[in-house]
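# Chains, contacts and geometry: an overview
The chain contents come next:
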Amino acid sequence: MFELKYHTPFEWTEGVLADFDTFLQDHAAAEKKASGMAMSMLSHYPDRRKLVRAMTDLALEEMIHFKQVLKLLMERDVSLGNDQKDPYIKQIRAVFRNGRDEFLMDRLLVAGVIEARGHERFSLVAEALPPGKEKEFYVAIAKSEEKHKNLFVELAYEYFDKQEVDARLEEILIAEAEICKNIPFTAALH
């Protein structure tokens, strides 16, 4: 449906594999936060029935992903870890505009871009992992993120003019590319 403007280099993947336990801790936190974001959206927009249904399903799916990552952590005898502030999320949230409709549109589109970034990076992890359970898991997670990316844009089209959505999505994609260029690589999703 749309393409990211910045493509993560393989160098990022090398850092993830060098400290995979830390990456798994960050991934677990990201899934937990994604579920919370979906719950927040359905709570803030109870009058948007399609959004409520979609966010209910998404919240459950993200919690299942959290449980799956938690299982990988436990198998590696690694604790869950403390949630860390995510500089990427903090910076991309700064693009939100004021106004009920503008804020909702931006929230949907930013969520779609975040899911697209997750799809890209989980695909890189899946590609780099040796054959086995973890590789299969990251192939599945990447596919899921791709569906989510499209879901958020489809919801934006449901509630707003397509041309306005496309124009705003382009602006957000440009801003997100700049954010990614300037954040140092760590063993984290973003």
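Now for a description of the structure that goes with this document. In this numbering scheme, every chain counts its residues from 1 along its sequence in written order. The predicted nature of this model means local features are confined to residues of pLDDT at least 70 and side-chain atom pairs, given and counted, to a pLDDT of 80 or more, with totals for whole chains, interfaces and linings taken over all residues. As a convention, hydrogens and water are excluded, and side-chain values are obtained from all of the structure's heavy atoms.

## Quick word on the side chain of Thr8
To qualify as a helix, a DSSP run of H or I must reach at least 4 residues; to qualify as a strand, a run of E must reach at least 2; elements of each kind are numbered from the N terminus. Relative to the helices and strands, Thr8 is located in the segment before helix H1 (10-18). A 1.4 Å probe rolled over the protein chains alone gives each residue an accessible area, and that area as a share of the maximum for its type sets the label: buried under 20%, exposed over 50%, partly exposed in between. Under the relative-accessibility criterion, Thr8 is labelled buried at 8%. Two N or O atoms form a polar contact when they lie within 3.5 Å of each other; inside protein one atom must be a possible hydrogen donor and the other a possible acceptor, and for residues adjacent in sequence the pair counts only when both atoms belong to side chains. There is a polar contact of 3.5 Å between the side chain of Thr8 and the side chain of Arg117. A distance of 2.9 Å separates the side chain of Thr8 from the side chain of Arg121, its partner in a polar contact.

## Focus: the nonpolar core
Residue types Ala, Val, Leu, Ile, Met, Phe, Trp, Tyr and Cys, when buried and joined through side-chain atoms within 4.5 Å, form a set referred to as a nonpolar core. In this structure, Met55, Tyr88, Leu108, Leu109 and Val113 are the most contacted members of the largest nonpolar core, which totals 37 residues. Those elements that provide at least two residues to this core are helix H2 (20-44), helix H3 (49-75), helix H4 (87-93), helix H5 (100-128), helix H6 (133-159) and helix H7 (162-182). Contacts between residues were defined by any pair of non-hydrogen atoms, one from each residue, lying within 4.5 Å. Excluding residues within four positions of it along the chain, Leu108 makes contact with Met41, Leu51, Phe152, Leu155, Ala156 and Phe160. The next biggest cluster of nonpolar side chains, apart from the first, holds 21 residues, and it includes Phe66, Leu72, Val125 and Leu129.

## Notes on the packing of H6 against H7
Interaxial angle, 0 to 180 degrees, is taken between N-to-C directions of lines fitted to C-alpha atoms, where a helix line uses only the stretch in contact. With their axes 8 Å apart at the nearest point, H6 and H7 run at an angle of 140 degrees to one another. The orientation of H6 with respect to H7, classified from their angle, is oblique. Viewed along their axes, H6 and H7 form a crossing whose handedness is right-handed. Contacts between H6 and H7 involve Val153, Ala156 and Tyr157 from the former and Lys162, Val165, Asp166 and Leu169 from the latter. Charged means Asp, Glu, Lys or Arg here, nonpolar means Ala, Val, Leu, Ile, Met, Phe, Trp, Tyr, Cys or Pro, and polar covers whatever is left, Gly included. Residues belonging to the contact of H6 with H7 are distributed by class as follows: 5 nonpolar, no polar and 2 charged. Angular relationships are summarised with four words: roughly parallel below 35 degrees, roughly antiparallel beyond 145, roughly perpendicular across 65 to 115, and oblique for the angles in between. In this scheme the crossing of two helices becomes right-handed for a clockwise turn of the near helix relative to the far one and left-handed for an anticlockwise turn of less than a right angle.

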